[in-house]
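What follows is each chain in one-letter form.
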Amino acid sequence: MSYSSERIEICSFNPSYSVEGRFAEATCDAFWNHLKEQLLSTPPEFTCALRLLKEIKEILLSLLLPWQNRLRNEIEEVLDTDLLKQEAEHGALDVPRLSNYILNLMALLCAPVRDEAVQKLETITDPVRLLRGIFRVLGLMKMDMANYTIKSFRPYLQEHSIQYEQAKFQELLDKQPSLLNYTTKWLTKAATDITTLCPSSLDSPGSSCSTACSLPNRAAYNSEPPSPTMVLYQGYLNLLCWDPENEEFPETLLMDRIRLQEMAFQLHQLTILDSVLLVARSFSGEVLFSSPEFVDRLKCITKALTEELISRPEEAMLSVSEQVSQEIHQGLKDVGLTTLSSENTASLLGQLQDIAKKENCIRSIVDQRIRLFLKFCLLHGMKESLLHFPRGLILIERELAELGWKFVSLMHHNQQVFSRYYAEILKNIILPPKAQETDVEPL
């Protein structure tokens, strides 16, 4: 009876509630029980133990860095398969001694985060439990090494990806000179949005999508043309307002269209979610909203009931209003506070249902603030943006930060790949003829 280390390790990572997880767990238990029977038999049987030691050796060798030759030779010598087999045949295989050597190696090779786990293994005296624990921790160490390798190669992989995408796009452009027509129209609209934006439009509850997507920029209010970077970022934000039926999607972003549509839906959902939470808090007070459990419960209810918000907004918000009202009533009752009067309950239901309307004041303001936050993320980076998180969005901070990271990462990568094309297009869009004689501001 033999098992590979992959099958043994799987029980540590698969959830026991899945069919695969339960099967893997039963397989693991059968293996370790069989190993225990072998070691307790008279004389002891070491077939499974030898297989384990061989695989432990292979894992330890895989954790070594290229220049650790002395340690590599030492492992090869101490855990020599042929030697261990001879010792087992003569009943002289010292499992505790080998386990102790392996633990010392693990303590030497593991990341600091695994020190405590290795130290706990040193207190285990039962050889089967110890070997099982060794395999579990070695599995974690393998993941640590994989993550370290990926992190080390990430700059190279990213640079290679950028160069590859640039080369492939240039090949297409050489064959189709009109390939950038939609990209030009997209950036032209972005420049128009900035230059025609007036300050009051940002405060208008009934702003249209194009207005709500616009970036406030001092260049909009004077004779100076907007910077190429600001126009590009305006264009990126406009993508989150894009009509899914519009086929004139920028050619430079076609590969990212599905992801951008998903982000647009997430932004829409977060706008509704924050609007609901703000209305609910105004009726229930800070006592309930000081409880993370209560807030998370309202979030789960709202997210679940707004999955079909776009196709059935009134019905979705009717369900949300009823469920949120019940949660607030029960929450106030649980903490011994006076529940809402019938008049306040009716007002709460009405304000929540009103969020279904695009011109709703709260919804419009939340939408504008979310887009301004994403603009700030593009301009200043996520770390700086999270330090200045808008107060009105604090209830969705975790969800909005996650969206921000994804959006900024995707857009900055796109900017790196296509910056030279964007610079050439923007030079013709926003700069006067004389200025075109000089170099355009780099993106």
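Residues numbered from 1 in each chain as written. Predicted model: local features only at pLDDT ≥ 70, side-chain atom pairs only at ≥ 80, totals over all residues. Heavy atoms only, no water.

1. Notes on the nonpolar core
One broad trend across soluble globular proteins is that nonpolar side chains are buried collectively.
Okay, so step 1: Ranked by size, the top nonpolar core spans 73 residues in total, and within it Tyr236 and Phe407 carry the most contacts.
Okay, so step 2: The biggest single contributor to this core is helix H12 (residues 257-289), with 14 residues. (Core = buried A, V, L, I, M, F, W, Y, C linked by side-chain atoms within 4.5 Å. Buried < 20%, exposed > 50% of the residue type's maximum accessible area, 1.4 Å probe, protein only. Helix = DSSP H or I, 4+ residues; strand = E, 2+ residues; numbered from the N terminus.)

2. Here's the deal with the environment of Asp367
Okay, so step 1: Structurally, the position occupied by Asp367 is in helix H16 (residues 361-380).
Okay, so step 2: A sequence separation of 96 residues divides Asp367 from Thr271, and the C-alpha atoms of the two residues are 5.5 Å apart.
Okay, so step 3: A distance of 3.0 Å separates the side chain of Asp367 from the side chain of Arg371, its partner in a polar contact. (Polar contact = N/O pair within 3.5 Å; in protein donor to acceptor, adjacent residues only side chain to side chain.)

3. Overview of the layout of surface pockets
Rolled over the atoms, a probe as big as a water molecule pinpoints where empty space is left.
Okay, so step 1: By volume, the second largest pocket is sized at about 430 Å³.
Okay, so step 2: For the second largest pocket, the lining is made up of 18 residues, of which Glu165, Thr252, Met255, Asp256 and Phe418 are closest to its centre.
Okay, so step 3: Residue assignment for the lining of the second largest pocket shows that the elements contributing at least two residues are helix H8 (127-175) and helix H18 (397-430). (1 Å grid on protein atoms, 1.4 Å probe; cavity = no way out; pocket = protein on both sides within 12 Å on 5 of 7 lines; lining within 4 Å. Points joined across faces, edges and corners; volume = space filled by probe spheres on them.)

4. Structural notes on a nonpolar patch on the surface
Okay, so step 1: The grouping of Val287, Val335 and Leu337 at the surface amounts to a nonpolar patch, some 230 Å² of accessible area in total.
Okay, so step 2: Among the secondary structure elements, Leu337 is positioned in the loop between helix H14 (313-334) and helix H15 (342-354). (Patch = residues over 30% accessible without salt bridge, like charges linked within 9 Å, V, L, I, M, F, W, Y side chains within 5 Å. Areas by Shrake-Rupley, 256 points an atom, 1.4 Å probe, with all protein chains shown as cover. Salt bridge = Lys/Arg side-chain N within 4 Å of Asp/Glu carboxyl O.)

5. A few points about the environment of Arg129
Okay, so step 1: One can find Arg129 in helix H8.
Okay, so step 2: A relative accessible area of 53% places Arg129 in the exposed class.
Okay, so step 3: When the C-alpha atoms of Arg129 and Trp32 are compared, they prove to be 8.5 Å apart, with 97 residues separating the residues in sequence.

6. Details of H18
Okay, so step 1: For H18, spanning 34 residues, the distance from its first C-alpha to its last is only 36 Å, which falls clearly below the expected 50 Å at 1.5 Å a residue.
Okay, so step 2: Along its length, H18 shows its largest kink, about 75°, at Phe418. (Expected span 1.5 Å × (residues − 1). Bend = angle between axes of the 7 residues up to and from the residue.)

7. Things to note about empty space enclosed by the protein
Okay, so step 1: Per the stated rule, a full pass over the model turns up two cavities of 30 Å³ or more.
Okay, so step 2: Its boundaries defined by the atoms lining it, the largest cavity holds a volume of some 40 Å³.
Okay, so step 3: Taken together, Leu239, Trp242, Asp243, Pro244, Phe249, Arg257, Leu260 and Gln261 make up the full set of residues lining the largest cavity.
Okay, so step 4: Of the residues assigned to the lining of the largest cavity, the class counts are five nonpolar, one polar and two charged. (Nonpolar A, V, L, I, M, F, W, Y, C, P; charged D, E, K, R; others polar.)

8. Digging into the pattern of salt bridges
Okay, so step 1: One pass over the full model with this rule turns up 19 salt bridges.
Okay, so step 2: Across the salt bridge formed by Asp354 and Lys357, the nearest N and O atoms sit 3.1 Å from each other.
Okay, so step 3: For Asp354, a relative accessible area of 26% corresponds to the partly exposed category.
Okay, so step 4: Residue Lys357 is classed as partly exposed on the basis of its relative accessible area, which comes to 44%.

9. Quick look at the side chain of Asp256
Okay, so step 1: Assignment of secondary structure puts Asp256 in the loop between helix H11 (228-238) and H12.
Okay, so step 2: The exposure class of Asp256 is buried, given its relative accessible area of 9%.
Okay, so step 3: Ignoring any residue separated from it by four or fewer positions in sequence, one finds Asp256 in contact with Leu410 and Asn414. (Contact = heavy atoms within 4.5 Å.)

10. Some remarks on the packing of aromatic side chains
Okay, so step 1: Inspection of the entire model under this criterion finds eleven aromatic pairs.
Okay, so step 2: Ring geometry for Trp242 versus Phe249: centroids 5.3 Å apart, planes at 75°, classification edge-to-face.
Okay, so step 3: Aromatic side chains Phe289 and Phe294 sit 5.8 Å apart centroid to centroid with 75° between the ring planes, which places their arrangement in the edge-to-face category.
Okay, so step 4: Following the ring pairs from residue to residue traces out a cluster consisting of Phe169, Trp186, Tyr233, Tyr236, Phe418, Tyr421 and Tyr422. (Phe/Tyr/Trp six-rings, centres within 6.5 Å; stacked < 30°, edge-to-face > 60°.)

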